[in-house]
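Residues per chain, in single letters:
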Amino acid sequence: MVDLEIKIGGFTMKNPVSTASGTFGFGEEFIDFMDLNRLGGIFVKGLTLKNREGNPYPRMAETPSGMLNAVGLQNKGIDYFIKHTYPKIKHFDTQIIPNVNGATVEDYIAVTEKINEMDGIETIELNISCPNVKEGGMAFGVSCPSAVAVTEAVRKAYDKTLIVKLSPNVTDITEIAKGVEGAGADAVSLVNTFLGMAIDAKTRKPILSTVTGGLSGPAIKPIALRMVWQVYQAVNIPVIGMGGIMDATDAIEFMLAGSSAIQIGTANFMDPQVSIKVIDGIEAYCKENGFSAAKDLVGAMITD
Ligand SMILES: Cc1cc2nc3c(=O)[nH]c(=O)nc-3n(C[C@H](O)[C@H](O)[C@H](O)COP(=O)(O)O)c2cc1C
């Protein structure tokens, strides 16, 4: 038997595999395709204080080895989540992790205060890294002082485990990671999407309505892996890694680089069952390689 349990700050996940925010809805959309009870966690779609329609279409574009999106945090707002969505998913035996967004620090605080009152939610992921909104979002995550300010403010409003999701669109991600650690984050998750764009040469127009969007999928994996490894060495809090994980081998690489847990995003669009396969693959790898616990993979890359 392999022990798959993972601890992130004060909360426990039964295995290291979760679905990434914005790529798995609220989990309810996948009930017919897979057993949600198998997942370590579901990082639900980005939540804001009020309803958001998101950006105009087109807001997705396929790229070699990845995709661009400019969804722009479409969601019905935190009150709708609490009243209508959470009751439908709360009975599943998996961690439900709200992904908190805002245009201002006050917005972030207001959303967090509402979640702080909820039963059964043990952690939030503070998204200071969305590249697809005009106000707030990534603006908070690309400068150290603003990343620290929003983390400090949310820390005061939230009693349980606080995960801060970092943007890769920075010169030195370790500086931001250390900043949010100092501001009270219990863990960091990385990476969000890389700012990119696509043009249709025939029409000479941009493909996305917003011109630029966020790149995800296998194309970003080597850069995400490098960032996870750098952040793992720079901070003393757990790192949750993601970016182009398509199978168990990718997930294991992220754990060897220092991820205590991993998230799967774009791969869900190709195979809704991918997370289950990754959980089984991590377990098989541990058995084959003499690891009695998945947590022993964390940072176990051999460098000499
Ligand atoms: C369509 C789409 C929507 C996303 N929405 C969110 C979001 O609401 N909040 C967030 O923190 N990240 C969001 N992300 C980023 C993912 O959670 C993840 O960080 C990123 O896609 C990298 O992982 P991947 O390469 O496995 O997809 C979104 C990504 C995609 C592709």
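A quick note: this is a predicted structure, and the numbers were derived from the prediction, not measured.

### Description of the site of the ligand
Logical step 1: Of all residues adjacent to the ligand, which total 25 residues, the nearest are Ala 20, Gly 22, Gly 46, Ser 216 and Gly 265.
Logical step 2: Classifying every residue of the shell around the ligand by side-chain character gives eight nonpolar, 15 polar and two charged.

### Brief notes about the sheet that holds strand E5 (residues 60-63)
Logical step 1: Strand order in this open sheet of four strands is E5-E6-E14-E11, and the pairing throughout is antiparallel. Two strands bound the open sheet, and with one partner strand each, they are E5 and strand E11 (194-197). Geometrically, the sheet is characterised by an average inter-axis angle of 40° between neighbouring strands, direction not taken into account.
Logical step 2: Both E11 and strand E14 (residues 212-216) contribute to a ladder of four bridges, which runs antiparallel. By the bridge assignment for E14, Gly 196 is matched with Gly 213.

### Topic: the packing of helix H5 (residues 173-182) against helix H6 (residues 221-234)
Logical step 1: H6 packs onto H5 with a crossing angle of 45° between their chain directions and a minimal axis gap of 9 Å. Looking at the two axes, H5 sits oblique to H6. When the axes of H5 and H6 are compared, the crossing they make is right-handed. Residues Ile 173, Thr 174, Ala 177 and Lys 178 of H5 form the contact with H6, whose own contacting residues are Met 227, Gln 230, Val 231 and Ala 234.

### Some words on the packing of helix H2 (residues 105-116) against helix H4 (residues 144-157)
How two helices sit against one another is set out by the angle between their axes and by the gap between those axes.
Logical step 1: Where H2 meets H4, the closest approach of the two axes is 9 Å, and the angle between their N-to-C directions is 25°. As the angle between them shows, H2 and H4 are arranged roughly parallel. Between H2 and H4 the crossing geometry is right-handed. Every residue of H4 that contacts H2 at Val 105, Tyr 108, Ile 109, Thr 112, Glu 113 and Asn 116 is listed here: Ala 149, Val 150, Ala 153, Val 154 and Ala 157.
Logical step 2: Here the residues of the contact of H2 with H4 are counted per class, giving eight nonpolar, two polar and one charged.

Here is what the cut-offs are and how they apply
Residues numbered from 1 in each chain as written. Predicted model: local features only at pLDDT ≥ 70, side-chain atom pairs only at ≥ 80, totals over all residues. Near = placed C-beta within 6 Å. Nonpolar A, V, L, I, M, F, W, Y, C, P; charged D, E, K, R; others polar. Pairing = 2+ DSSP bridges. Helix = DSSP H or I, 4+ residues; strand = E, 2+ residues; numbered from the N terminus. Axes fitted to C-alpha atoms, helices over the stretch in contact; angles between N-to-C directions. Parallel < 35°, antiparallel > 145°, perpendicular 65-115°, else oblique. Left-handed = near helix turned anticlockwise from the far one by under 90°. Contact = placed C-beta atoms within 7 Å.

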